[in-house]
Structure formats: C-alpha cells, structure tokens
Amino acid sequence: MKKLRLGVNIDHFATLRNQRKEVYIDLIDVAKTLKNMDVNSITVHLREDRRHIKDNDLENLVKANILPINLEMAPTNEMRKICKTLSPFACCIVPEKRSELTTEGGLDVKNNLSNLESILFEIKQKKQIRTSLFIEPDMNQIKLAKKLGVNAIEIHTGKYSNLFEIGKYNTELKKITEAANFAHKLGLEVHAGHGLNLRNVKNIIDIKSISELNIGYSIVAQSIFSGLKNVIEMYKKMMN
Ligand code: PXP
C-alpha cells in the first residue's frame, strides 16, 4: 500500500488574512512553506460567496504551481467554467449552502445525478484534472460515484469527528472503514477529511484503503499552540 498523502486545506489562512483586509498572509508563502514540509497537495474551496479564497488566490496558486491544487467546488456552472479554465490538478465536488460555516454533509449524488453527470462530462474533457466527489460513507453513494466515472471519492469524516468527542464513534468508524474498503475494491481512490485532528485521526490513518487525508481547521488551530511560544520568544528577544 502506498504512503498516506496529506493535503492541507488553506481556506483558513485566507479567512485570517481577509479578517484584517491585509495582503499578509500571502498564500503563495503558505504553499511554499507546506511544500518545504513535504505536504502533498493543497486544497482550496472557492465558495460561491468568496468568503475566504478569492478568484485571484486560485489563479495565483495555479500559476505559481508550487503544489498540486485540489479545487473544492460546488456543482454549479460558474465553478465548472473556472475549473475548466484554470485546470487544477484535481477537483472535488462538494455540496454548498450559503449559510453553513463549513461543508455540513456529503453530496447527495442520487438526487443530483444529471447535474453531476453534465459537470463531470465537461471537466473530464480536460483529461489531466482528477475528479472526486465528497460523500458520506454510504455504499449507494459510492456505487453512483463509480458509475459517474470519477477517479476518487472523499469520505466526509465530520460525523465521526463529532462522535469522537463524546466517545461514541465506533459505529461511524466501522461505516467509514467498510465504505473505504468497498470503494477501494471498486477501483476508486479513497480520500477522507473534515473535522480530523491530532486526537481523532489515528483511527482514520489505520484504514489502509484510504490514500489521502485533507485537513484544514485543526492544522491552523494547532499551529497557534505549537507556534505561539516560538513567536513570543522572538519578540522577547528583540525587546530585551
Ligand atoms: N475536505 C473537504 C471536502 C472539506 O470541505 C473540508 C472543509 O472545508 C475539509 C476536507 C477540511 O475540513 P477541516 O477544515 O475540518 O479539517
């Protein structure tokens, strides 16, 4: 089995930058830093409301070509056009609700079949773009994903992550394990993500049919604790 790849979702770096209407944090610097740390890819979610990643962020990241870019996108015509024009390494189609704080659940492939079919048909014209669907650990969704001819699925681990906090995650973990193994057997690449952190990720790492994890929030959040001491020491040194 191949080494498990780590994709870092950099939306939250953009959130922080936008909060102060600054140009700093430079996402190109973020990508370079992640590359130096042997991260395998970066994920950016260009949302309909552009609340974090902006169009020019995506364009600049594609142009700079520092790490493979996984574009998370809603199944809309606008996103299809952007994806086709910019040709990122991969695209992961996700459901999107304007009011949600983050992607709340997996795609309902069954009820979006013809829309997904036509969007994927267009994107697959650009043969180099790898395609993926963000879905719950559900066998029917996986069968439909296979039918649609995508390269990969990304299993939504949000429910598992929430249940982990109250110690009641076993059933959901079993579902994720079975779904991942099933998809892998069908020849799909299996990714997983959402809500993963240093406490709950070990069980997901142990599922050998999963080849990629996409993690965002907890990497940024944990960096505060792991980096704060360093930064304060840098200031103290300069001040004394
Ligand atoms: N994968 C997908 C498809 C997502 O939508 C997200 C959240 O944007 C993530 C992974 C990362 O989730 P988190 O920020 O909770 O680590």
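Fair warning: this is a prediction, and the values are worked out from it, not measured in the lab.

(A) Seen up close, unusual backbone geometry. Even without being glycine, Asp-38 reaches a positive phi, approximately 65°. Position of Asp-38 relative to the elements: it lies in the loop between helix H2 (27–36) and strand S2 (41–45). Here Ser-87, not a glycine, exhibits a phi torsion of approximately 50°, which is positive. Within the secondary structure, Ser-87 is located in the loop between helix H4 (77–86) and strand S4 (90–93).

(B) Spatial organisation of a nonpolar patch on the surface. Nonpolar side chains collect at one region of the surface, where Val-231, Met-234, Tyr-235, Met-238 and Met-239 lie side by side and expose about 630 Å² of accessible area between them. Within the secondary structure, Val-231 is located in helix H10 (residues 217–239). By relative accessible area, which is 40% here, Val-231 ends up partly exposed.

(C) Fine view of helix H3 (residues 55–64). Where H3 is concerned, the buried positions are Asp-57, Leu-58 and Leu-61. One side of H3 holds all its buried residues, which, seen down the axis, span an arc of 95°. Close packing links the buried residues of H3 with helix H1 (11–19), H2, S2, strand S3 (69–73) and H4. Positive phi shows up at Asn-65, right after H3, with a value of about 50°.

(D) Expanded view of the layout of surface pockets. Volume-wise, the largest pocket comes out at about 1,200 Å³. Around the largest pocket sit 34 residues that line it, and Phe-13, Ile-219, Val-220, Ser-223 and Ile-224 are the ones nearest its centre. Counting only elements with at least two residues in the lining of the largest pocket, the list comes to strand S1 (5–9), H1, H2, helix H9 (201–205), strand S8 (212–215) and H10. Ranked by residues supplied to the lining of the largest pocket, first place goes to H10 with ten residues. In the lining of the largest pocket, the residues fall into 23 nonpolar, six polar and five charged. Volume-wise, the second largest pocket comes out at about 890 Å³. The wall of the second largest pocket is formed by 41 residues, among which His-12, Thr-102, His-194, Gly-195 and Tyr-217 lie closest to the centre. Residue assignment for the lining of the second largest pocket shows that the elements contributing at least two residues are H1, strand S6 (152–156), helix H7 (158–165), S8 and H10. Taken together, the residues of the lining of the second largest pocket break down into eight nonpolar, 23 polar and ten charged.

(E) Main features of the sheet that holds strand S5 (residues 130–135). Ordered by their spatial adjacency, eight strands build a closed barrel running S1-S2-S3-S4-S5-S6-S7-S8, and the pairing between neighbours is parallel. When strand polarity is set aside, the average angle formed by the axes of neighbouring strands in this sheet is 25°. Bridge count for S2 against S3 is four bridges, and the pairing is parallel. Bridge pairing in S3 places Val-44 opposite Leu-71. With respect to the sheet, helix H8 (residues 170–185) is in contact with S6 and strand S7 (189–193), its orientation differing from that of S6 by roughly 175°.

Quick notes on the rules
Here the residue numbers are simple positions, counted from 1 along each chain's written sequence. Local features in a predicted model are, by the rule used here, given only for residues with pLDDT of at least 70; side-chain atom pairs are given and counted only at 80 or more, and totals for whole chains, interfaces and linings are based on all residues. In computing side-chain properties, one takes all heavy atoms of the structure into account and sets aside hydrogens as well as water. Working definition: helices are DSSP H or I runs of at least four residues, strands are E runs of at least two. Numbering for both runs from the N terminus. Excluding any residue in a salt bridge, patches collect residues exceeding 30% relative accessible area, merging like charges within 9 Å and nonpolar Val, Leu, Ile, Met, Phe, Trp and Tyr side chains within 5 Å. For the area figures, the Shrake-Rupley method with a 1.4 Å probe applies, and any residue is considered shielded solely by the protein chains shown. The salt bridge criterion pairs a side-chain nitrogen of Lys or Arg with a carboxyl oxygen of Asp or Glu, the two atoms within 4 Å. For the exposure calls, accessible area comes from a 1.4 Å probe over protein chains only, and a residue counts as buried if that area is under 20% of its type's maximum, exposed if over 50%, partly exposed in between. Within this analysis, the arc is defined by the directions that extend from the helix axis to the C-beta atoms. The criterion used for residue contact is that any of the two residues' heavy atoms lie within 4.5 Å. Both cavities and pockets are sets of points on a 1 Å grid over the protein atoms alone; in a cavity a 1.4 Å probe fits but cannot get out, in a pocket the set is open with protein on both sides within 12 Å along at least five of seven lines, and lining residues sit with an atom within 4 Å of a point. Grid points are joined across faces, edges and corners, and a volume is the space filled by probe spheres set on the points. Polarity classes work like this: nonpolar for Ala, Val, Leu, Ile, Met, Phe, Trp, Tyr, Cys and Pro, charged for Asp, Glu, Lys and Arg, and polar for all others, with Gly in that last group. Two strands pair under a simple rule: DSSP has to find at least two bridges between them. Helix axes use the C-alpha atoms of the stretch in contact, all axes being lines fitted to C-alpha atoms, and the angles between their N-to-C directions lie in the range 0 to 180 degrees.

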